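One-letter residues, chain by chain:
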Amino acid sequence: MTDVPANHPRFPSHIRLWAAVLRRAAVDSKLYGDDADPKCVKIGDDARAWLSGRYNQGVFNSVASVCDMLGLPLDVVLERVELLTEEDARRQRGMEFDD
């Protein structure tokens, strides 16, 4: 077994990136639904559309493909997004993957 340097990330960079995309979509879907700013509402709508699978079905960057790549069951992820509170979303907004 090879020694891993202390500063080496536990997860490969592509996994951290897609996990951050998934987390950000969950946060945006929760925080930007009823905003006064139409740009923010659009961000929330886009996040909800991606999470619902309306965008990019069957391609590498669909929510289903991302969940598969991360080894997460899509139904569990979507259930957790649905249960996410605004307070939790605000807390997760600035988190890094390894936090």
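Before any of the text, the structure's been laid out above.
First, a word on what this report is: a plain description of the structure on this page. Everything quoted here is computed from the prediction, not taken from an experiment. (Residues numbered from 1 in each chain as written. Predicted model: local features only at pLDDT ≥ 70, side-chain atom pairs only at ≥ 80, totals over all residues. Heavy atoms only, no water.)

### Topic: the nonpolar core
Note on soluble globular proteins: their nonpolar side chains tend to be buried together. Residues L22, W50, L51, V63 and L70 are the most contacted members of the largest nonpolar core, which totals 21 residues. Counting only elements with at least two residues in this core, the list comes to α1 (13–31), α2 (38–52), α3 (63–70) and α4 (74–83). Ranked by residue count, the leading element in this core is α1, at 8 residues. Not counting chain neighbours up to four residues away, the residues in contact with L51 comprise L22, A25, A26, S29, V63, L78 and V81. (Core = buried A, V, L, I, M, F, W, Y, C linked by side-chain atoms within 4.5 Å. Buried < 20%, exposed > 50% of the residue type's maximum accessible area, 1.4 Å probe, protein only. Helix = DSSP H or I, 4+ residues; strand = E, 2+ residues; numbered from the N terminus. Contact = heavy atoms within 4.5 Å.)

### Digging into the pattern of salt bridges
In a structure, side chains of opposite charge can pair up when their charged atoms sit close to one another. Throughout the structure, instances matching the rule amount to 6 salt bridges. Across the pair D28 and R24 runs a salt bridge, and its minimum N-O distance is 2.7 Å. Taken together, the residues D28 and R24, both in helix α1 and 4 residues apart, mark about one turn of the helix. Residue classification places R24 among the partly exposed residues on the basis of a relative accessible area of 32%. Here R91 ties to E87 by a salt bridge, and the two come within 3.2 Å at their closest N and O atoms. Taken as a pair, R91 and E87 lie in helix α5 (residues 86–92) at a separation of 4 residues, close to a single helical turn. The pair formed by R91 and E87 is uniform in burial state, with each residue classed as exposed. (Salt bridge = Lys/Arg side-chain N within 4 Å of Asp/Glu carboxyl O.)

### Here we look at α1
In a regular helix each residue adds 1.5 Å, so 19 residues correspond to 27 Å; α1 covers 26 Å between its end C-alpha atoms and thus fits that length. Among all positions of α1, only I15, W18, A19, L22, R23, A25, A26, V27, D28, S29 and L31 are buried. (Expected span 1.5 Å × (residues − 1).)

### Regarding the environment of R16
Along the chain, R16 falls in helix α1. With relative accessibility at 27%, the residue R16 sits in the partly exposed group. For the pair formed by R16 and L70, sequence separation is 54 residues and the distance between their alpha carbons is 9.2 Å.

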